[in-house]
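Residues per chain, in single letters:
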Amino acid sequence: MAKLAGFGVVGSGAMGSGIAQVGAQAGFPVTLFDISEAQLEKARGGIQKSLSKLEEKGMLKESAGDVLKRLNLTTQLQGLKSCDFVVEAATENREIKFKLFRDLDALLDPKAILCSNTSSISITEIAGQTKRPELVAGMHFMNPVPLMKLVEGIRGLATGDACFQKVRAVAETMGKTFIEAKDSAGFAVNRILMPMINEAFFALQENLATAADIDEAMKLGCNFPMGPLTLADFVGIDVCLSVCEVLHRDLGDPKYRPCPLMRKYVEAGWLGRKAGRGVYVY
Ligand code: CAA
């Protein structure tokens, strides 16, 4: 069981709030940082709802209220200063992430571990923004974090063994199963998942079947809990497009080219559930 003086999370969107929640469930004192007060309040509501649901089903070791007592929210990066382990889950944008890592590196104790929940950006490049690349690793959670069992661990070129073992221990203390993937575009999950989602958009574009039937085919034909187009709406079509672009650029193989229809949805602002409209209307 890993013990932490403070578990920091940067970014309170779906991923960040889920990571903060599961960190608090694991017994860590958690500080969740976001620049937006409104987003933090939304995150608090989502965490409360999720914890109540888990409590109702007897899936918590203590009351939802007791878990919430370990969760602090802040709009000041300074609020993370005493954390010895921080997971960054900000927007999937290189410049934003790079600046955050430079700022966190300057702020935190030199022994603190810095992880990124990036779904596709090179961990080696993120670590290169800091003066502690041996203490930087990838810690990739799956959406919805409170329910999904997997964490992908990624070593950058300089990630130290002790750091990586700590990341594994923290993930396991959070009740997750840890797998190790190479620092290569998309790591393991998105390298396989995103080309499948992309192919579902090509199928839709070619009128191979209706969206509902493409989803039904994969749900009933392959026992997927959600069809690939429903999953794209759930993850965010903008996120899917950005991962497909990284796979295409970094692996240099035309088979990864993003489907034009996926790009059109993003241009239209039809980003999925979060926008009220994606492949489906919510
Ligand atoms: N916290 C607590 N409970 C939750 C919850 C949450 N965050 N989200 C859903 N639930 C609950 C629901 O309230 C519901 O409870 P009841 O049965 O009491 O009503 C229960 O879980 C089941 O949910 P649903 O009925 O809505 O739907 P479902 O049975 O399909 O389960 C799911 C939902 C677990 C999300 C399931 O559909 C699933 O596993 N989908 C695939 C998700 C997936 O593939 N995620 C990975 C995406 S890729 C990624 O994350 C990486 C990346 O970088 C992009």
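Quick caveat, the model's predicted, so the values are computed rather than measured.

Draft legend 1. Quick peek at the overall build of the protein chain. Along its length, the protein chain carries 11 helices and 8 strands. Dimensions of the protein chain along its principal axes, counting C-alpha atoms only, are 55 × 45 × 30 Å. Expressed as a percentage of its 282 residues, the buried residues of the protein chain come to 47%. Considering only intrachain contacts with a sequence separation of at least 6, the fraction spanning at least 24 residues in the protein chain is 67%. Carbon and sulfur atoms make up 55% of the accessible area of the protein chain, which totals about 13,300 Å².

Draft legend 2. A look at the sheet that holds strand β4 (residues 85-88). Strand order in this open sheet of 8 strands is β3-β2-β1-β4-β5-β6-β7-β8, and the pairing throughout is mixed. Each end of this open sheet is capped by a strand with a single partner; those strands are β3 (71-74) and β8 (177-181). Strand-to-strand, the axes of this sheet are offset by a mean angle of 25°, without reference to chain direction. Of the pairings in the sheet, the one linking strand β2 (residues 30-33) to β3 comprises 4 bridges and is parallel in character. For T31, the partnering residue across the bridge sits in β3 and is N72.

Draft legend 3. Spatial organisation of the state of the cysteines. All told, the structure shown has 0 disulfides when counted by the stated rule. The thiol of C115 is not disulfide-bonded; the next cysteine sulfur, from C163, is found 6.1 Å away. C240 takes part in no disulfide bond, and the closest cysteine sulfur, belonging to C244, lies 6.7 Å away. Classification of C240 by relative accessible area gives buried; the value is 0%.

Draft legend 4. Spotlight on the domain arrangement of the protein chain. Examined at the domain level, the protein chain breaks down into domain 1 (7-181) and domain 2 (190-272). Centre-to-centre, using C-alpha coordinates, domain 1 lies 26 Å away from domain 2. Three residues, S119, S120 and N143, lead the burial of domain 1 against domain 2; their summed loss comes to 62% of the area buried on that side. The interface formed by domain 1 and domain 2 includes 0 salt bridges. The tally of links from domain 1 across to domain 2 stands at 1 residue pair in polar contact (both at pLDDT 80 or more).

Draft legend 5. Fine view of helix α1 (residues 14-25). With 12 residues, α1 should reach 16 Å at 1.5 Å per residue; the first-to-last C-alpha distance of 17 Å fits that figure. At the C-terminal side of α1, G27 shows a positive phi close to 100°.

Rules used throughout
- Residues numbered from 1 in each chain as written.
- Predicted model: local features only at pLDDT ≥ 70, side-chain atom pairs only at ≥ 80, totals over all residues.
- Heavy atoms only, no water.
- Helix = DSSP H or I, 4+ residues; strand = E, 2+ residues; numbered from the N terminus.
- Buried < 20%, exposed > 50% of the residue type's maximum accessible area, 1.4 Å probe, protein only.
- Contact = heavy atoms within 4.5 Å.
- Areas by Shrake-Rupley, 256 points an atom, 1.4 Å probe, with all protein chains shown as cover.
- Pairing = 2+ DSSP bridges.
- Axes fitted to C-alpha atoms, helices over the stretch in contact; angles between N-to-C directions.
- Disulfide = S-S within 2.5 Å.
- Domains from an automatic or database assignment.
- Buried area = accessible area lost by both parts, 1.4 Å probe.
- Salt bridge = Lys/Arg side-chain N within 4 Å of Asp/Glu carboxyl O.
- Polar contact = N/O pair within 3.5 Å; in protein donor to acceptor, adjacent residues only side chain to side chain.
- Expected span 1.5 Å × (residues − 1).

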